[in-house]
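Reading the structure
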Amino acid sequence: MAKQFKPETLCVQAGWTPKKGEPRVLPIYQSTTFKYDTSEQMARLFDLEDSGYFYTRLQNPTNDAVAAKIAALEGGVAAMLTSSGQAANFYAIFNICQAGDHFVCSSTIYGGTFNLFGVTMKKLGVDVTFVNPDAPEEEISAAFRPNTKALFGETISNPTLEVLDIEKFARIAHKHGVPLIVDNTFPTPINCRPFEWGADIVVHSTTKYMDGHATSVGGAVVDSGNFDWEAHADKFPGLCTPDESYHGLTYTKAFGKLAYITKATAQLMRDLGSIQSPQNAFLLNLGLETLHLRMPQHCGNAQKVAEYLSKNDKVAWVNYCGLPDNKYYALAQKYMPNGSCGVISFGLKGGREVSIKFMDSLKLAAIVTHVADARTCVLHPASHTHRQLSDEQLLEAGIRPDLIRFSVGIENADDIIADIEQALNA
Ligand SMILES: *Cc1c(COP(=O)(O)O)cnc(C)c1O
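Computed from a predicted structure; not experimentally measured. Going along each chain's sequence as written, the residues are numbered from 1 onward. Owing to the predicted nature of the model, reporting of local features is limited to residues with pLDDT of at least 70; listing and counting of side-chain atom pairs is limited to 80 or more, with chain, interface and lining totals taken over all residues. Side-chain figures throughout are based on the complete set of non-hydrogen atoms in the structure, without hydrogens or water.

Here the focus is the site of the ligand. Close contacts around the ligand come from 16 residues, with Asn158, Asp183, Ser205, Thr207 and Lys208 the closest. N or O atoms closer than or at 3.5 Å make up a polar contact, with two conditions inside protein: a donor-capable atom paired with an acceptor-capable one, and, for residues adjacent in sequence, both atoms drawn from side chains. In the environment of the ligand, an oxygen atom lies 2.9 Å from a nitrogen or oxygen atom belonging to the backbone of Gly85. Between the ligand and Asp183 there is a distance of 2.7 Å, counted from a nitrogen atom to a side-chain nitrogen or oxygen. Put simply, DSSP marks the helices as runs of H or I at least four residues long and the strands as runs of E at least two long, and each gets a number from the N terminus on. Considering each element in turn, the shell around the ligand owes the most residues, three residues, to helix α4 (residues 85-94). We call a residue near a molecule or strand whenever a single non-hydrogen atom of that residue lies within 4 Å of it.

So, about the sheet that holds strand β7 (residues 219-223). The pairing criterion is simple: DSSP has to find at least two bridges between the two strands. The seven strands lie next to each other as β1-β7-β6-β5-β4-β2-β3, forming an open sheet whose pairing is mixed. If you trace the sheet from one side to the other, it starts and ends with β1 (78-82) and β3 (127-131), each paired once. Between one strand and the next, the sheet's axes are offset by a mean angle of 20 degrees, whatever the strand orientation. Where β1 and β7 come together, five bridges link them in antiparallel fashion. Note on β7: the bridge partner recorded for Leu81 is Ala220. Angles run from 0 to 180 degrees between N-to-C directions of axes, and those axes are lines fitted to C-alpha atoms, restricted for helices to the stretch in contact.

On to the packing of aromatic side chains, then. Put simply, two rings from Phe, Tyr or Trp (the six-membered ring, in Trp's case) pair if the centres are within 6.5 Å, and we call them stacked under 30 degrees between planes, edge-to-face over 60, tilted for the rest. All chains considered together, the criterion is met by 15 aromatic pairs. Their ring planes at 85 degrees and their centres at 5.0 Å tell us that Trp229 and Phe236 sit as a pair that is edge-to-face. You'll find Trp229 and Phe236 in the same group, each marked buried. With centroids separated by 5.8 Å and ring planes inclined at 75 degrees, the aromatic side chains of Phe346 and Phe358 adopt a geometry described as edge-to-face. Taken together, the residues Phe346 in strand β9 (residues 343-348) and Phe358 in helix α15 (residues 351-361) connect sequence positions 12 residues apart. Here's how the labels work: a residue is buried when its accessible area is under 20% of the maximum for its type, exposed when over 50%, partly exposed in between, all with a 1.4 Å probe on protein chains only. A relative accessible area of 0% means that Phe346 is categorised as buried. Among the aromatic residues, those joined into a ring-pair cluster are Phe227, Trp229, Phe236 and Tyr260. Counting as a charge over the ring demands two things of the Lys NZ or Arg CZ atom: a distance within 6 Å of the ring centre and an angle within 35 degrees of the ring normal. Sitting above the plane of the Tyr110 ring, Lys208 keeps its charged end 5.0 Å from the centroid. A cation over an aromatic ring shows up here: Arg400 above the ring of Trp317, its NZ or CZ 3.9 Å from the ring centre.

Below, the structure written as structure tokens:
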């Protein structure tokens, strides 16, 4: 399906193709387990010799249909759903890094991912070096070590809204024989498909635009199938040497282009178990059915709001890569010519206190710990999502203390602007 159809059609139709007499709408397979007729049939599944469902922690038909839709949208070979974006990021790295390994990561990433990589994964023995994504190639290359196994970045960073030069990152990763993993949560595959620019693995917090209605926390890992693990077999023993927990099966030999995603499902999901519930996958699928309609509306509204803010003299600064004077405008035009995302950040003259007063005065836009929802919402990272970071870490992550993260919804742009205006005057 991926090859034949355009993204709009994939949003609506990919993943679930019912046969004669089957439900038109993707059913929720609310079942932990699946029935077989012989013991032999079941045994073959456990040996990964046959594909089929046996236990929802490993695979579930509802989840698989939605994962297939996301894989088709990204242009990948396969995907796996996870219980959250955090789980997706953890699995994406842990699938190829074990204790003693190291990876390189853009310093401007989501605060939760920053903690996961910089604190929790270090406790597991996986080390990370954060680099300024805008630094020259030689400087980023200098962070690589013999035990480096991956390079990681966000297409558009949350909440700093910096645009990743994906081609540059892919070049650096491949020069060092490791895959580029890109968190594509903010643009979604409607606005950017990182595989087309050389990324090897894509991760998502499906909680954001993909769900789009703030109903379900979820994540996804998508495999392009393009990275040649065997060519760097010494770096990736988990994929290129026998897995004792599967009777000595070697993922690259048994599954070829599907090696990475099969290991993530058959080994990590089996052992760590952060599955998405089929009910949530069903809701995610409903969101995906309108993703191609919602993204242009989010982006169009955000553009209008950003232009309004940049002309208002109460506003100290506005950061939106759709504004021609933005530092990332050229990169955004290159990687996301049809629009980037609906999230804007800005600061008000008078700093932190004025920003907080402004937020408290908004009526349409709600203060919530969320972004990328159909409803306009707003957050102050320094006092909310990034509370755990020191001022030094905040600045390192590019977050000013007065930064307001404004997630523009799909309401009428004039109504959103009127709400901002009355709050600025309050
Ligand atoms: C929200 C977010 C995450 C974490 O996802 P959850 O679904 O909240 O676990 C990861 N990356 C980015 C870019 C995000 O915006």
